[in-house]
Amino acid sequence: MKVKLLAAAIILTGCLFSCSKKSITVNSITGTFDEIDRDISLGQTQDAVNLLKKLDKPSLAPNIRLGIYRRYVQLGENEKAEKVLLSALKKNSNDKMLIAVYSNLLLKKGKIKEAYSLSKKLSGTKYGSIYAEALLRNEKSSGSGVTYMDYFVPDYIPVYADAYAGSLDNRWIRNCAAINLVRGELTQALKYHPENFDDTEDAFFWATVCYDNKKFVEAAEDLKKAKSIANIEIVDSADYYESKKKKQNLNLKIYSLLSDSYINLSEEKLAEEERSNLLSYLTLLDEDMTVTDTTEEFTNQMPKPDVMSAIYLNSALWSLANEDYHGAYKLLKFEVEKWPDYAPGLIAYGNFAKNSNRAVVEDSLTQELRRLGIKSMDMEAYDNLPRVEIADAIARMDDSLARFKNYQLYVARLDLEDSQTTWHSDVKHLAEIYQVVERNTLGTHLYPPEIARYAVYGIYKCEKKEEAENLFNKYITRRYGFSSGSDFYDEFFRNISKMETWEIEYAAWFATMNLKASVAANLYEYIVFNEYLKNEKFVQEISPRATASAMMNLAMIYSSTGKTDDAIKLYGKVSGRTQSYEVKSESLYRIGVLYYERKNNEDALKSLKYAVYLNPAHSKARLLLSQMEEALKNQVE
């Protein structure tokens with residue numbers, strides 16, 4: 001019995017001794033590393049090497065053997081280091097960390113093909129940047145005539161994503177986004193949007209991606225960050241002139257795009273603030289930084305518009321909307337003199353000329369005061385308004401048209417000239433319109449869109465509704481290749497995504513005239529609304545392309561088909577979006593009528609009073625308001 005107990009004790013003791021010895025070995029690794037590091041720091045190289053040899057065992061975990069590898073490298077014992085790494089890889093062939101370290105070593109040694117082959121397993125992992133480098137260097141070293149465009153293909157998107165994951169350098173994911181943008185995959189490009197930006201240029205790039213995706217709020221936020229980064233970004237002193245010029249040009253683009261973002265958000269005041277900031281910024285620039293190239297010879301193509309021409313024009317339009325006619329005149333005058341071939345500027349200048357020469361019907365008291373040589377303050381203000389001669393506007397348009405063919409400007413010139421002509425008969429005007437069509441025909445029933453629009457509207461105004469519709473239908477059928485024998489509107493809806501907004505609006509207009517309310521409503525809704533799913537919920541919002549006329553006409557259809565609430569809501573949207581007091585007044589008048597029909601007198605009165613306040617000349621609003629007030633007064637009595 002005692003022998004058995006002694007044997008058990010010996011066996012147990014042996015087990016404890018064995019376990020204790022193993023534990024001490026594992027726990028001592030950290031201590032051994034500390035001793036090795038101490039030897040290295042004291043320059044006792046051979047002692048450190050001896051300890052590393054003693055410590056290294058194939059059974060150790062990969063992370064411990066990597067610790068041994070790194071210390072061999074630190075000691076300059078590169079061959080021993082590589083042997084440890086290969087030994088560890090042989091035993092742990094799928095360990096991503098070991099693969100990453102050895103692939104990186106191969107790249108440093110110039111063994112590109114081996115690194116590329118080994119690192120394939122790293123794609124899509126946190127070590128993917130090593131695979132990306134190996135792949136790109138392998139392609140470059142292949143000597144097979146690889147060009148830049150060979151790397152600008154979708155196959156490389158995961159490679160660049162891997163490179164970004166390892167480096168957090170936004171230039172890699174800009175490559176991913178750029179490839180998608182070129183392919184028209186805007187939503188996919190936006191998925192790479194980073195949380196932080198590397199520099200001003202980076203922030204501006206991602207703002208443009210947001211803008212192209214119609215994410216105007218996000219674009220504005222990115223642009224504001226771009227501005228703040230630009231304020232603290234230092235100009236490269238090594239190439240001061242070019243670096244400063246590049247920064248200033250980028251700042252101009254930021255101000256411009258931020259202004260446009262606010263315009264798309266109907267934040268007109270904020271948009272004007274950014275335009276003002278831009279114009280103020282221009283005054284701070286060195287003269288040699290803003291030189292415009294004037295060496296380009298004239299061709300029969302319109303020159304590319306200068307971004308500043310659009311800025312000045314938008315500021316002029318803002319001034320007009322806020323009745324700052326002197327400010328608008330100053331901006332427009334500068335516009336047409338600085339950019340004599342910028343069609344939108346010339347058109348706005350022509351409209352200013354037309355409006356500033358429009359005769360104002362004065363009441364008898366005003367006429368008597370003028371006869372006596374007396375002027376009220378209002379009369380003085382009106383007489384002092386800046387005016388542009390229509391002949392001057394037409395001459396500037398003619399000069400540009402002599403240099404460049406631009407149908408938009410050509411039609412605007414025709415409209416401006418027509419505004420000065422008192423037609424003795426619609427027959428003569430109709431003949432003039434058909435002559436314009438014949439002079440600009442591109443083929444059977446095919447014309448430039450601007451000419452088609454001008455002709456359809458002009459013929460309709462001559463009370464030739466059927467002729468206008470016939471010309472429009474034939475033009476649309478020819479332009480978009482409608483199938484013969486198919487229903488016009490069926491073909492129209494099949495091709496609607498290719499069409500210009502005015503074409504859709506005119507089709508809706510004719511559908512309304514033909515009492516096709518549901519067709520007209522669908523067409524107007526395509527213009528007016530953006531519809532999409534967000535967080536699994538259906539969202540409907542006003543589209544940036546929605547025009548006041550389309551919204552008003554759609555609201556009218558809603559009201560006539562019993563959708564009164566939708567009509568009131570849409571009229572309200574028009575009133576909130578437009579800068580025109582006349583359009584605001586008309587939309588509020590129509591809201592007042594709908595409330596009146598509902599016998600909601602309180603809301604009807606509010607709407608009508610505001611409509612009259614905005615446009616005292618709105619006779620229908622004034623008449624209905626007086627009738628309601630009189631009726632309510634009689635009820636009280």
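These figures come from a predicted structure and were not determined experimentally.

A separate point is the overall build of the protein. The helix and strand tally for the protein stands at 32 helices and two strands. In the protein, which comprises 637 residues, the share counted as buried stands at 40%. Taking contacts inside the protein between residues at least 6 apart in sequence as the whole, the part at least 24 apart equals 53%. Carbon together with sulfur atoms contributes 52% to the accessible area of the protein, which is approximately 37200 Å² in total.

What follows is about the environment of I527. For I527, the location among the structural elements is in helix 27 (residues 517–528). Separated by 19 residues in the primary sequence, I527 and A546 have C-alpha atoms spaced 5.5 Å apart. Setting aside residues up to four positions removed in sequence, I527 forms contacts with T501, I504, E505, S543, R545, A546, T547 and A550.

By the burial criterion, the buried members of helix 8 (residues 157–167) are I157, V159, Y160, D162 and A163. Of the residues flanking the end of helix 8, it is L168, one or two places downstream, whose phi is positive at about 55°.

Across six bridges, strand 1 (residues 529–534) lies against strand 2 (residues 537–542) in antiparallel orientation. When the sheet's bridge partners are listed, L533 is paired in strand 2 with F538. Linking strand 1 back to strand 2 in an antiparallel pair, the connection comprises two residues, with N535 at a positive phi of about 55°.

Below, the discussion takes up the packing of helix 27 against helix 28 (residues 548–560). In contact at an axis separation of 9 Å, helix 27 and helix 28 are set at 140° when each is read in the N-to-C sense. Judged by the sense of rotation from one axis to the other, the crossing of helix 27 with helix 28 is left-handed. Only A550, M551, N553, L554, I557 and Y558 of helix 28 make contact with helix 27, whose side of the interface consists of A517, A520, A521, Y524, E525, I527 and V528. The class makeup of the residues in the contact of helix 27 with helix 28 is 11 nonpolar, one polar and one charged.

Applying the stated criterion to the full structure yields 23 aromatic pairs. Centre to centre, the rings of Y160 and W172 are 5.8 Å apart; their planes meet at 25°, and the pair counts as stacked. Remark: W172 occurs in helix 9 (residues 170–182) and Y160 occurs in helix 8; sequence separation between them is 12 residues. Here the aromatic rings of Y312 and W339 are separated by 5.6 Å at their centres, their planes lie at 45°, and the arrangement is tilted. A residue pair is termed long-range when its members are at least 10 positions apart, and Y312 in helix 15 (residues 307–321) and W339 in the loop between helix 16 (325–338) and helix 17 (343–356) qualify at 27 residues. For the pair formed by Y312 and W339, the shared burial category is buried. Aromatic ring contacts, followed pair by pair, group Y447, Y457, Y460, F472, Y475, W502, Y506, W509 and F510 into a single cluster. The positively charged end of R71 is found above the aromatic ring belonging to F33, 4.0 Å away from the centroid. One cation-aromatic arrangement involves R174 over F205; the distance from NZ or CZ to the ring centre is 6.0 Å.

All told, the structure shown has 22 salt bridges when counted by the stated rule. Two residues, E201 and K246, come together in a salt bridge whose shortest N-O distance is 3.6 Å. Taken together, the positions of E201 in helix 11 (residues 200–212) and K246 in helix 13 (residues 240–264) put the pair 45 residues apart, joining distant regions of the chain. Among the residues examined, E201 registers a relative accessible area of 40% and is labelled partly exposed.

A word on the nonpolar core. Counting 72 residues, the largest nonpolar core has F472, I476, F492, L523, V528 and L570 as its most contacted members. Looking at this core element by element, the count peaks at eight residues for helix 26 (residues 501–513). Dropping the residues within four chain positions of it, L523 is found in contact with Y489, F492, F493, I496, I504, A507 and A508. Of all hydrophobic cores here, the second largest spans 48 residues; its members include I40, L55, Y160 and C176.

This next bit is on the environment of A219. Here A219 is to be found in helix 12 (residues 216–232). Remark: the alpha-carbon pair of A219 and Y262, spanning 43 residues in sequence, is separated by 9.5 Å. Discounting residues that sit within four places of it in the chain, A219 has contacts with A207, C210, Y211 and S261.

This next bit is on helix 24 (residues 465–480). In an α-helix there are 3.6 residues to a turn, and that puts residues three or four apart on one side. Here helix 24 contains 16 residues, and its C-alpha end-to-end distance of 22 Å stays within 8% of the 22 Å for a straight helix at 1.5 Å per residue. Taken together, the buried positions of helix 24 are A468, E469, L471, F472, Y475, I476 and Y480. Buried residues of helix 24 fall within an arc of 160° about the axis and therefore sit on the same side. Close packing links the buried residues of helix 24 with helix 22 (426–439), helix 23 (449–461), helix 25 (488–494) and helix 26. At the C-terminal side of helix 24, G481 shows a positive phi close to 65°.

Another aspect to go through is the confidence of the model for the protein. Mean pLDDT for the protein: 83, with 87% of residues reaching 70 or above. Between residues 1–26, whose pLDDT stays under 50, and residues either more than four places distant or in other chains, the model counts zero contacts.

At a closest axis distance of 8 Å, the pairing of helix 30 (residues 581–597) and helix 31 (residues 601–614) adopts a crossing angle of 160°. Between helix 30 and helix 31, the crossing angle belongs to the class labelled roughly antiparallel. Here the hand of the crossing between helix 30 and helix 31 comes out left-handed. Between helix 30, through Y581, K584, S585, L588, Y589, I591, G592, Y595 and Y596, and helix 31, the contact on the second element is made entirely by D603, A604, S607, L608, Y610, A611 and L614. Its residues assigned to classes, the contact of helix 30 with helix 31 comprises 11 nonpolar, three polar and two charged.

This next bit is on the side chain of N406. Considering the arrangement of structural elements, one finds N406 in the loop between helix 20 (390–403) and helix 21 (407–418). Assessed through its relative accessible area of 14%, N406 is described here as buried. In terms of polar contacts, N406 uses its side chain to reach the backbone amide nitrogen of Q408, at 3.1 Å.

Conventions and cut-offs
Residues numbered from 1 in each chain as written. Predicted model: local features only at pLDDT ≥ 70, side-chain atom pairs only at ≥ 80, totals over all residues. Heavy atoms only, no water. Helix = DSSP H or I, 4+ residues; strand = E, 2+ residues; numbered from the N terminus. Buried < 20%, exposed > 50% of the residue type's maximum accessible area, 1.4 Å probe, protein only. Contact = heavy atoms within 4.5 Å. Areas by Shrake-Rupley, 256 points an atom, 1.4 Å probe, with all protein chains shown as cover. Pairing = 2+ DSSP bridges. Axes fitted to C-alpha atoms, helices over the stretch in contact; angles between N-to-C directions. Left-handed = near helix turned anticlockwise from the far one by under 90°. Nonpolar A, V, L, I, M, F, W, Y, C, P; charged D, E, K, R; others polar. Phe/Tyr/Trp six-rings, centres within 6.5 Å; stacked < 30°, edge-to-face > 60°. Lys NZ or Arg CZ within 6 Å of the ring centre and 35° of its normal. Salt bridge = Lys/Arg side-chain N within 4 Å of Asp/Glu carboxyl O. Core = buried A, V, L, I, M, F, W, Y, C linked by side-chain atoms within 4.5 Å. Expected span 1.5 Å × (residues − 1). Arc of directions from axis to C-beta. pLDDT = per-residue confidence, 0-100. Parallel < 35°, antiparallel > 145°, perpendicular 65-115°, else oblique. Polar contact = N/O pair within 3.5 Å; in protein donor to acceptor, adjacent residues only side chain to side chain.

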